[in-house]
Every structure is written in C-alpha cells, then in structure tokens.
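# Breakdown of the fold
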Amino acid sequence: MEEVINMGWISIVPALIAIILSFISKNTILSLSVACIVGTALAGDGIFGFPTLLKESVGSTSFAWIMLLNTFIAILVAFFRRTGAIQGFAQAIQKKNYSRNQVQIIAWLLGMFVYFSDSFSPLFVGTTMREVSDSKLISREKLSYIADSGAAPVSVLVPITGWAAFLSGLAIDVGNIKTQDQAMSLFLKAIPFNLYALVTIVFVGLIASGIIKDFGPMKKAEKRAMEEKKVLGDDAKPLIGKELTELAPYEGLTPRVFLNFILPVLLIMSIALATFFIMKSAKTMEAFLAVVIFMIISMSVQKVPFDDIMDTLTTGVKGAVPAIMLLALAYSVNNLSTNMGTANFIIEKTEGFLSPALLPALTFLIAAIMAFSTGSSWGTFAIVMPIALPLAFQFTGNEVTILVAATFAAVAGGGVFGDHCSPLSDTTVLASTGSAADHIDHVRTQLPYALITGAIALVLYLVIGFTMI
C-alpha cells in the first residue's frame, strides 16, 4: 500500500508564503520562487532541491500541455494582430458605439460562447476585447475578472467539455455508478446543485450590465480608469510580453476579419467538439496546432512573406514567456504541496465533521480551501471526489439521491471557487495574460466578488443539507 504523506501544518507553508508574499510584494515570480526554496528546505531537500523540483514540475505532462496550449494561443494572437484581424474586429464593434456596460456584456457572452476550454476562454476573451475595452476606459482588472469568472464556471456546467469527462470519470466504480453513461447521468443531475458556478455566471452578468455596482478594489480600479483614463495602475506589470500588445499589422495587407479571425476560431471550436464526440476527448491543443498551420498557409496565400510569418510566430512565442515562467513556478508550488501532503492534512482536519446534512457544504469548503492552497481545481477534484462521493453513497445506501448529486456538484464548484481566489491558479494566470493585466491586481479585485458568490453557494448548500437531505 502506498504510504500516505502528511507533514502536518508545515505542508501549507509554501502555499501561504507564495500567496501572502504575492500580495505584499506584487511580484508573483519572486514570491513563488521564495515559496519553492523555503518549501524544499522544509521538505528536507535543502535549498538546492529547488532546481530538481522545477525540473520535475516542468517535465510533467500536465505542464507540457498548458505550456504548449499557451504558446499556440500566443502565436495565434500574433497572427491575428499581424493580419490586422483583431484590430478590424475591434473597429467593427467600436463603430456600433456600444456603451461600457454593453461592451462588458459582450465580453461575458463571448466567454460563454467558447465554453469548451477554460484555458482558451479567458485568453480569447481578454485578447479579443482588450482594444474595445480600453477604448471604453474599462480597467484591465474588470476585463480580466469577466474573462476569468466567465470561463471555468461555464466549462464545469456543460456536459460536452473536458471538465465533464474528467469529473464523471472520477465517479465510475463509486456506489452504484459502474459505467460512463451512469457517471454522465450523475453529472447531469448535479448541474442544478453546482451552485457556485451558477451563481457566479449570473453575478458576472449582473456586474457587467451594471445592475450590481462595482465595489471594493474593483470600484477603485474602475474609478481610476474612468477619471484618470488609466486602464492599468501606475505600478502595474501586465502579464504579457509587449511583443503581443504592440505588434502592428503587416503594411499593405487588407484586414479580413472573417478569414483571419472568425474562421480560425470556428475551426478551433469545430475540431475540439468533433474530436470530443468522435474520440470522447476534446483535442484542444491539437486544434490550436492545426489552426496555427492554417494561418501560416492563409497568410502565405495573402502574400505575406514567409520570413515575416516566421518572425511573427517567434514574436508570439516571446510574448508567451512571462505567463509560462509564472505557470512553471505555480506548478512547482503545486507539486511541492502534493509531495508534502497538503491535501491529506486538510482532509484529516475536516473529515471528522462530515454528516449527511453538512456533507455538501463541508465538501464545498474543503475543495475550495484545497484548490486555493494548491492553485489546481483538477488536482482538487482528483483528491476530494474519491473521498466525498463514497461517503455520500454510504449515507444513502448506494442510491443516487439529492445528497449524492449535491456532493458531486460541491466538489466541482468548490474546486472552481478556490481556483478563482488563488494567484497560483493557471486559469487566473491565463486571464491576466489575455487581458494584459497585472496578475496580483486581477486576483485582488476578483477576490471579493468570488468570496461573495462562494458564500452564497455555501449558505445554499447548508439550506439544501438541512431541508432536503
């Protein structure tokens, strides 16, 4: 039997250092590096264990996937800008003379339109809407919030995404769930109980439309943008290379928004969805690679010199470097937390409180704390689901009841909630990247909104627990 690792309270020190130091210094890369060095020392590997930790983390399949996806998206953004497609799209929207709130609603709806990938959605929304958003003096913090909080909550609700396949897969062979069809049936039954995701989607729409007024740090950011005409703070460090924000269109090339922007996006969606239905797995990264090749051919046909196309491709790779550096360090902290038994420590301290009425609420809270500490919602799902779901089935005599559905949903929603609050989260990093926002400014302004929707979800789980279970 594999030994259960639990270094106790020491296991949460690296994540705490990373999070607290990030808010104090506003230098996330420095904060994560310090957390890794301290963590490896506490784990008994010495300060020279950091290079080994980094090597193991960036050598993982999950990091390679997110790194390549981020790189391909950055290359596409460079191609979109070099062909003038994004600028043309922005001009087309600007001609409509939409209000600030209408632009924010478009960004919110756009995020739901590309629901199939929580990694692509925040990057796509931020990149697509940034110029329009800037022209309406919408703060980068606000744009990154809409892009971030409109991504994972949608992905975790739709049954034809990688999230659905992963979550339902974790339910197989638990209780009376024996097949993928039965597991997917449970996923569908759990949708109405995925309260954080549902509340967040509505909340983002209400904030975007202005029905709910901005408050807290976001209100200050919006006031700065409107009154001082500064979409970024004076000390902000946008999490994207200047190569991508300042790349000009190729001289003499006619902007073709459909050919060079809308069609590539439709191709990405078509390939991802087709592979999901045919192969039972959405090949998102492969879809981006195919569209990168499509754009190279398309630009060549449009008489853009091949050397210029390759220079643009290289520019895209350079623009992705800041986010990739941050992701590499965030994955290292996550890996360190796993090695030190952070998840086991949190479970050990909370499992004694679990009862049928409290199970959904506590599961949601445990998943949120774990995702916040590690920055990984999927890692949280993989750890919490095999613990919480069997407990739910045990309480119901192996029957799929409201308790089982609510507990399943609480794992999903709690992971997304913690992810939204954590500066270590890859989707949070990608939202900062797409919107060209300062990463800590994004986290700081999003946090109060996420805490409010999380608190609403927690209260609703308690109501469900004490009235329906």
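Just above sits the structure.
This text gives an overview of the structure that appears in the document. (Residues numbered from 1 in each chain as written. Predicted model: local features only at pLDDT ≥ 70, side-chain atom pairs only at ≥ 80, totals over all residues. Heavy atoms only, no water.)

Attention now moves to the overall build of the protein chain. Scanning the protein chain from N- to C-terminus turns up 23 helices and zero strands. In terms of overall dimensions, the protein chain is globule-like: its C-alpha atoms have a radius of gyration of 22 Å, near the 23 Å expected for 469 residues. Put simply, 79% of the contacts in the protein chain that link residues at least 6 apart link residues at least 24 apart. Looking at the protein chain, you have 29 positive and 31 negative side-chain charges, and the mean spots of the two groups are 10 Å apart. (Helix = DSSP H or I, 4+ residues; strand = E, 2+ residues; numbered from the N terminus. Rg over C-alpha atoms; globule rule 2.2 N^0.38 Å. Contact = heavy atoms within 4.5 Å. Lys, Arg positive; Asp, Glu negative; His and termini not counted. Charge placed at Lys NZ, Arg CZ, Asp CG, Glu CD.)

What follows concerns the environment of Thr 71. As for its placement among the helices and strands, Thr 71 is situated in helix H4 (residues 61-82). On the basis of relative accessible area, Thr 71 is assigned to the buried category, the value being 14%. For the pair Thr 71 and Val 429, spaced 358 residues apart in sequence, the C-alpha to C-alpha distance is 14 Å. A distance of 2.8 Å separates the side chain of Thr 71 from the backbone oxygen of Met 67, its partner in a polar contact. (Buried < 20%, exposed > 50% of the residue type's maximum accessible area, 1.4 Å probe, protein only. Polar contact = N/O pair within 3.5 Å; in protein donor to acceptor, adjacent residues only side chain to side chain.)

What follows deals with the environment of Ile 271. In this fold, Ile 271 is placed in helix H15 (residues 257-279). Filtering out sequence-adjacent residues up to four positions away, Ile 271 remains in contact with Ala 287 and Ala 290.

In this description, a pair of aromatic rings is defined by centroid distance and the angle of the planes. Per the stated rule, a full pass over the model turns up eleven aromatic pairs. Relative to Phe 408, the ring of Phe 187 lies with its centre 6.3 Å away and its plane at 85 degrees, an arrangement referred to as edge-to-face. Residue Phe 187 is found in helix H11 (residues 180-190), and its partner Phe 408 is found in helix H21 (residues 402-421); the two are separated by 221 residues along the sequence. By relative accessible area, Phe 408 is classed as buried at 2%. Pairing Phe 364 with Phe 417 gives two aromatic rings, centres 5.5 Å apart and planes at 0 degrees, and the pair type is stacked. Of the two residues, Phe 364 is situated in helix H19 (residues 359-374) and Phe 417 in helix H21; the sequence distance between them amounts to 53 residues. Each member of the pair, Phe 364 as well as Phe 417, is classed as buried. In this structure an aromatic cluster arises from ring pairing among Phe 80, Phe 89, Phe 124 and Phe 261. (Phe/Tyr/Trp six-rings, centres within 6.5 Å; stacked < 30°, edge-to-face > 60°.)

Another point: the environment of Thr 401. Structurally, Thr 401 is set in the loop between helix H20 (377-396) and H21. According to the relative accessible area criterion, Thr 401 is partly exposed, its value standing at 32%. A sequence separation of 275 residues divides Thr 401 from Gly 126, and the C-alpha atoms of the two residues are 40 Å apart.

It is the contact of helix H3 (residues 49-58) with helix H17 (residues 306-340), at a shortest axis distance of 9 Å, that shows an interaxial angle of 105 degrees. By the angle between their directions, the pair H3 and H17 is classed as roughly perpendicular. Where H3 abuts H17, its residues Phe 50, Leu 53, Leu 54, Glu 56, Ser 57 and Val 58 lie against Ala 328, Leu 329, Tyr 331, Ser 332, Asn 335 and Leu 336. Residues belonging to the contact of H3 with H17 are distributed by class as follows: eight nonpolar, three polar and one charged. (Axes fitted to C-alpha atoms, helices over the stretch in contact; angles between N-to-C directions. Parallel < 35°, antiparallel > 145°, perpendicular 65-115°, else oblique. Nonpolar A, V, L, I, M, F, W, Y, C, P; charged D, E, K, R; others polar.)

Looking now at the nonpolar core. With 128 residues, the main nonpolar core has Leu 76, Phe 79, Met 129, Leu 389 and Phe 408 as its most contacted residues. Ranked by residue count, the leading element in this core is H17, at 13 residues. Not counting the four nearest positions on each side in its chain, Phe 408 is found in contact with Leu 167, Ser 168, Ala 171, Leu 186, Phe 187, Ala 190, Met 385 and Leu 389. (Core = buried A, V, L, I, M, F, W, Y, C linked by side-chain atoms within 4.5 Å.)

Looking now at the packing of H19 against H20. The geometry of H19 relative to H20 is characterised by a closest axis approach of 9 Å and an angle of 165 degrees between their N-to-C directions. The orientation of H19 relative to H20 falls into the category roughly antiparallel. In this structure, the crossing between H19 and H20 has a hand that is right-handed. Residue-level contacts link Leu 359, Thr 363, Ala 367, Met 370, Ala 371 and Thr 374 of H19 to Ser 377, Thr 380, Ile 383, Val 384, Ala 388, Leu 391, Ala 392 and Phe 395 of H20. (Left-handed = near helix turned anticlockwise from the far one by under 90°.)

Here the structure, examined in full by the defined rule, presents ten salt bridges. We note a salt bridge from Arg 140 to Asp 134, for which the minimum N-O separation is 2.7 Å. For Asp 134, a relative accessible area of 22% translates into the label partly exposed. Its salt-bridge partner being Asp 214, residue Lys 142 comes within 2.8 Å of it at the nearest N-O pair. Taken together, the residues span a long stretch of sequence, with Lys 142 in helix H8 (residues 140-149) and Asp 214 in the loop between helix H12 (195-209) and helix H13 (216-228) at a distance of 72 residues. One salt-bridge network, in which partners are shared between bridges, spans Arg 100, Lys 142, Asp 214 and Glu 222. (Salt bridge = Lys/Arg side-chain N within 4 Å of Asp/Glu carboxyl O.)

Bringing H15 into the picture now. For H15, with 23 residues, the first-to-last C-alpha span of 31 Å sits near the 33 Å given by 1.5 Å per residue. The sharpest bend along H15 measures roughly 30 degrees and falls at Leu 263, with the proline Pro 264 sitting one to four residues further on. For H15, the full list of buried residues reads Asn 260, Phe 261, Pro 264, Val 265, Ile 268, Met 269, Ala 272, Leu 273, Thr 275 and Phe 276. Buried residues along H15 sit in contact with H4, helix H5 (85-95), helix H6 (100-113), helix H7 (120-135) and helix H16 (284-301). Backbone geometry just downstream of H15 places Lys 280 in the positive-phi region, at approximately 65 degrees. (Expected span 1.5 Å × (residues − 1). Bend = angle between axes of the 7 residues up to and from the residue.)

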